[in-house]
Amino acid sequence: MMRDIVRLIRLPNLLFLAIVLWAMEKWVAVPVLQSILYDAILSNWFLILLIVATVLIAAGGYVINDYFDVKIDRINRPEQVIVTRTIPKQTAFRLSIGLSAAGVVAGIVAAILCRSWTVGILFGIAPGLLWFYSSGYKRQFIVGNLIIALLAACPPLMIAFANIGYAHKLYDRMGDIVSQTPLAHSLLIWLGGFAVFAFLTTWIREIIKDMQDQIGDAELECHTLPVVLGETKTKLIVTALIVLTIVGLCYCQWGLLPFDTSLTSLATRYVGFVVLLPLVCVLVLLWRAKIPSDYKAPQLYMKFVMFMGTLFSFVIFRMMN
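From a predicted model like this one, the values you see are computed outputs, not experimental measurements. (Residues numbered from 1 in each chain as written. Predicted model: local features only at pLDDT ≥ 70, side-chain atom pairs only at ≥ 80, totals over all residues. Heavy atoms only, no water.)

Next up on the list: the overall build of the protein chain. Secondary structure summary: the protein chain contains 13 helices and zero strands in total. Along the chain direction, N to C, the helices and strands of the protein chain fall in the order α-α-α-α-α-α-α-α-α-α-α-α-α. Expected size for 321 residues packed as a compact globule is a radius of gyration near 20 Å; at 20 Å, the protein chain falls within 12% of this value. When its C-alpha atoms are laid out on the principal axes, the protein chain stretches across 60 × 45 × 30 Å. Within the protein chain, buried positions represent 49% of all 321 residues. (Helix = DSSP H or I, 4+ residues; strand = E, 2+ residues; numbered from the N terminus. Rg over C-alpha atoms; globule rule 2.2 N^0.38 Å. Buried < 20%, exposed > 50% of the residue type's maximum accessible area, 1.4 Å probe, protein only.)

Next up, the structure:
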């Protein structure tokens, strides 16, 4: 049963989420703060608390998603059904509530310690959004995809707001000096860029996933993009989002990075070969897809793009040190 619980909470996805939060803090927020001569850096135990809270809420979201998706999963991926087959629905429901509640408590404690209302609000609304997404929003036109994409954009922003709140906590006793510095602007620009990337790539992957699951979704009257608009129009929308992502990456790479030639060249090669090229491959595979199973490969490529895009934070770390 423990093995099924590990599968139910999507352990690899949770590990990826933990890596995202750690990388955003250590490889982006810290060097940005150091570049403007700030010592207001979150301690490791505080970062761990943020990671634990986020991972618990995400795990609860995965469980409740499978709880509500039993009928659809029996059609789309019967071999992967866990809830009702090896784990009773009531057990899955209680597990989801327990994980989400623990995550909210840990998140609110973290928000209080860093004195950030924004972080507290994010932790407060995330479980509710995941619940409503799983119970109904995911079957609505566009809404479900947007909710997941917005939630995917939250971790980088949460790191930004946690650092901003912590800086205010440390320095505001000497007057509101933080607001007079570029601290908030710098963090939001850098981490906001990763948030936008996470939003777009997650949105793209969610739509491709809907294309793979369209048979079961149509049978149960879900109003996803491919069910409502058809495959061709959905492919055009995904293509537009991929092109937008590519244009945005190119603009950031060649229009915003003010670093020396050798390091900029490293960043250019990295973005070109491990992010842009796979995105082009996704486009090719997308338009070649004819049956639902053909959409599995573009999904895997999108996971690779998301992971390597996160690791670009290490390139930024090298540039700033």
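With that settled, consider helix H6 (residues 117-135). Given a rise of 1.5 Å per residue, 19 residues ought to cover 27 Å, and the 28 Å separating the end C-alpha atoms of H6 matches this to within 8%. Largest kink in H6: about 25°, centred on Ile 125, with the proline Pro 127 one to four residues after it. Check the buried side of H6 and you find it contacts helix H3 (44-68), helix H5 (89-114), helix H7 (143-171) and helix H8 (183-212). (Expected span 1.5 Å × (residues − 1). Bend = angle between axes of the 7 residues up to and from the residue. Contact = heavy atoms within 4.5 Å.)

As a further point, take the packing of aromatic side chains. Overall, the coordinates contain 12 aromatic pairs when judged by the stated rule. Judged by centre distance (5.9 Å) and plane angle (45°), the rings of Phe 16 and Phe 307 are tilted. With a gap of 291 residues between them, Phe 16 in helix H2 (residues 11-35) and Phe 307 in helix H13 (residues 296-319) connect regions that are remote in the sequence. According to the relative accessible area criterion, Phe 307 is partly exposed, its value standing at 31%. A ring pair is formed by Phe 68 and Trp 131, whose centres lie 5.4 Å apart and whose planes are at 90°; its orientation type is edge-to-face. (Phe/Tyr/Trp six-rings, centres within 6.5 Å; stacked < 30°, edge-to-face > 60°.)

What follows is about the packing of H2 against H3. Remark: H2 packs on H3, axes separated minimally by 9 Å, with the N-to-C direction vectors making an angle of 150°. On the basis of their axis angle, the class for H2 and H3 is roughly antiparallel. Crossing handedness for the pair H2 and H3: right-handed. When H2 is examined against H3, the residues Asn 13, Leu 14, Leu 17, Ala 18, Leu 21, Trp 22, Glu 25 and Lys 26 are found in contact with a partner set consisting of Asn 44, Leu 47, Leu 50, Ile 51, Thr 54, Val 55, Ala 58, Ala 59 and Tyr 62. Grouping the amino acids of the contact of H2 with H3 by side-chain chemistry returns 12 nonpolar, three polar and two charged. (Axes fitted to C-alpha atoms, helices over the stretch in contact; angles between N-to-C directions. Parallel < 35°, antiparallel > 145°, perpendicular 65-115°, else oblique. Left-handed = near helix turned anticlockwise from the far one by under 90°. Nonpolar A, V, L, I, M, F, W, Y, C, P; charged D, E, K, R; others polar.)

To continue, consider the nonpolar core. The biggest cluster of nonpolar side chains holds 95 residues, and the ones touching the most others in it are Leu 50 and Leu 187. Beyond its immediate sequence surroundings of up to four residues, Leu 187 is in contact with Ala 29, Val 32, Leu 33, Ala 160, Asn 163, Ile 164 and Gly 192. (Core = buried A, V, L, I, M, F, W, Y, C linked by side-chain atoms within 4.5 Å.)

Before going further, it helps to examine the pattern of salt bridges. What the rule picks out here adds up to five salt bridges. Here Arg 10 makes a salt bridge to Asp 66, at a shortest N to O gap of 2.9 Å. Within this pair, whereas Arg 10 is found in the loop between helix H1 (2-8) and H2, its partner Asp 66 is found in helix H3, the two being separated by 56 residues in sequence. Looking at Asp 66, the relative accessible area reads 10%, which means it is buried. Residues Lys 138 and Asp 69 are paired through a salt bridge, measuring 2.4 Å at the closest nitrogen-oxygen approach. (Salt bridge = Lys/Arg side-chain N within 4 Å of Asp/Glu carboxyl O.)

We now examine unusual backbone geometry. Working note: non-glycine residues mostly have negative phi, and peptide bonds are mostly trans. Phi is positive for Arg 10, close to 55°, though the residue is something other than glycine. Assessed through its relative accessible area of 23%, Arg 10 is described here as partly exposed. The phi dihedral of Arg 115 is positive, around 55°, even though this residue is not glycine. Relative to the helices and strands, Arg 115 is located in the loop between H5 and H6.

Summarising the element assignment, Lys 235 is placed in helix H11 (residues 231-255). This buried residue, Lys 235, is left without a salt bridge; Glu 231 holds the nearest opposite charge, at 4.3 Å. At a separation of 2.9 Å, a polar atom in the side chain of Lys 235 contacts the main-chain carbonyl oxygen of Ala 289. Beyond its immediate chain neighbours, meaning those up to four positions away, Lys 235 contacts Met 211, Leu 286, Trp 287, Ala 289 and Tyr 295. (Lys, Arg positive; Asp, Glu negative; His and termini not counted. Polar contact = N/O pair within 3.5 Å; in protein donor to acceptor, adjacent residues only side chain to side chain.)

Attention now moves to H5. For H5, built from 26 residues, the straight-helix expectation of 38 Å at 1.5 Å per residue is met to within 8% by its first-to-last C-alpha distance of 37 Å. Of the positions making up H5, those classed as buried are Ala 92, Ser 96, Leu 99, Ser 100, Gly 103, Ala 106, Gly 107, Ala 110, Ala 111 and Cys 114. Of the surrounding elements, those touching the buried residues of H5 are H3, H6 and H7.

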